[in-house]
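Overview (structure and organization)
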Amino acid sequence: MLVYVVRHGESEDDLSDSYGGAADFRLTDRGRAQIVQVVGDLKGFGLQAVYSSPLARARESAEIIGRELHLPVTVVFDLRERNTYGVLSGHTRSQARELFGYLLDRLDFVPGEGRNCVPGGEEYGPFVERVRGAFQAVIDSASDAGFSTVAVVTHGKFTKALFTEVLQIGADYVEGHASINSVNCAAPLLGSS
């Protein structure tokens, strides 16, 4: 099975200097335009379905792809972004400093970078297992439906964990909004039962 992993377009949190993660921000006009460009890139790939994170920025990206390519879109809850920001999610950096300065002052890491998370966030190990399970669920669902080529619309940290931890194919993937990466999944995922 050939899976195209697409990161959502630019979202509102990118412009408002907010902590995204689990917060449900929508696409910006630029983000929608980025996804329209992605549609042009995906047109010749023979996609049969689109699977999406439930978060608005990814879901809206998937809906644009599905509408333009006349494909069904299936929302998969566990394709959502990792909540590394915990209690900071959804707040601008200045709001977070005002509300949680005492907490930020005690952190020995930069929120959102690396494997650590802010209190209330999703720990890295369980996140990787969620990524593994979600991706396997997409493969199983697509296979059961008779699909051989699908797109998965998700997020940056999800994509990174998928390529570096789950598929173990290293950091040789494209990052950035509206990026497209492909993977050929011929067998069950590494470490799955």
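Our structure is the block above this text.
The following paragraphs examine the structure supplied in this document. Residue numbers restart at each chain and count upward from 1, following the sequence in its written direction. Under the rules for a predicted model, residues below a pLDDT of 70 receive no local features and side-chain atom pairs below 80 are neither given nor counted, while totals for whole chains, interfaces and linings still include all residues. Side-chain numbers come from the whole structure's heavy atoms, not from hydrogens or water.

1. So, the packing of aromatic side chains
Geometrically, a pair of aromatic rings is defined through the distance of the ring centres and the angle of the planes. Any two of the Phe, Tyr and Trp rings considered here, Trp counted by its six-membered ring, make a pair once their centres fall within 6.5 Å; the pair's planes then place it as stacked at under 30 degrees, edge-to-face at over 60, or tilted in between. This structure, assessed with the given rule, holds four aromatic pairs. Here Y4 and F45 contribute two aromatic rings whose centre-to-centre distance is 4.5 Å and whose plane-to-plane angle is 20°, an arrangement assigned as stacked. Pair noted here: Y4 is in strand β1 (residues 2-7) and F45 is in the loop between α2 (29-42) and β2 (49-52), with a separation of 41 residues, a long-range link. Exposed residues in this analysis have more than 50% of their type's maximum accessible area, buried residues have under 20%, and partly exposed residues fall in between, with area computed by a 1.4 Å probe over protein chains only. We classify F45 as partly exposed; its relative accessible area is 32%. For the purposes of this entry, the term helix denotes a DSSP run of H or I that reaches at least four residues, the term strand denotes a run of E that reaches at least two, and both are numbered from the N terminus.

2. Quick word on helix α3 (residues 56-69)
For α3, which comprises 14 residues, the first-to-last C-alpha distance of 19 Å matches the rise-based estimate of 20 Å (1.5 Å per residue) to within 8%. Within α3, ten of the 14 residues are buried, which leaves it mostly tucked inside the rest of the structure. Listing the buried residues of α3 in full gives A56, R57, A58, E60, S61, A62, I64, I65, G66 and L69. Residue H70 follows α3 closely and has a positive phi angle near 55°. Take the residue count of a helix, subtract one, and multiply by 1.5 Å to get its expected span.

3. Brief notes about the side chain of S89
One can find S89 in the loop between β3 (73-75) and α4 (93-104). Any N or O atom pair separated by 3.5 Å or less is treated as a polar contact, with the protein-specific requirement of one donor-capable and one acceptor-capable atom, and with residues adjacent in sequence counted only for side-chain atom pairs. Among the polar contacts made by the side chain of S89, one reaches the side chain of N83 at a distance of 2.7 Å. Whether two residues are in contact is decided by their heavy atoms: any pair within 4.5 Å suffices. With residues up to four places along the chain from it excluded, the contact list for S89 reads Y19, G20, G21, A22, A23 and N83.

4. Quick look at the environment of G46
Among the secondary structure elements, G46 is positioned in the loop between α2 and β2. On the accessibility criterion, G46 (44% relative accessible area) is partly exposed. On a C-alpha basis, the gap between G46 and L69 in space is 9.7 Å, while along the polypeptide they are 23 residues apart.

5. Some words on the environment of G90
Among the secondary structure elements, G90 is positioned in the loop between β3 and α4. Relative accessible area serves as the criterion here: at 34%, G90 is assigned to the partly exposed category. Residues G90 and F25, spaced 65 residues apart in sequence, show a C-alpha to C-alpha distance of 8.1 Å. Those residues within four positions of G90 in sequence are excluded, and the remaining contacts are Y19, G20, A23, F25 and Q95.

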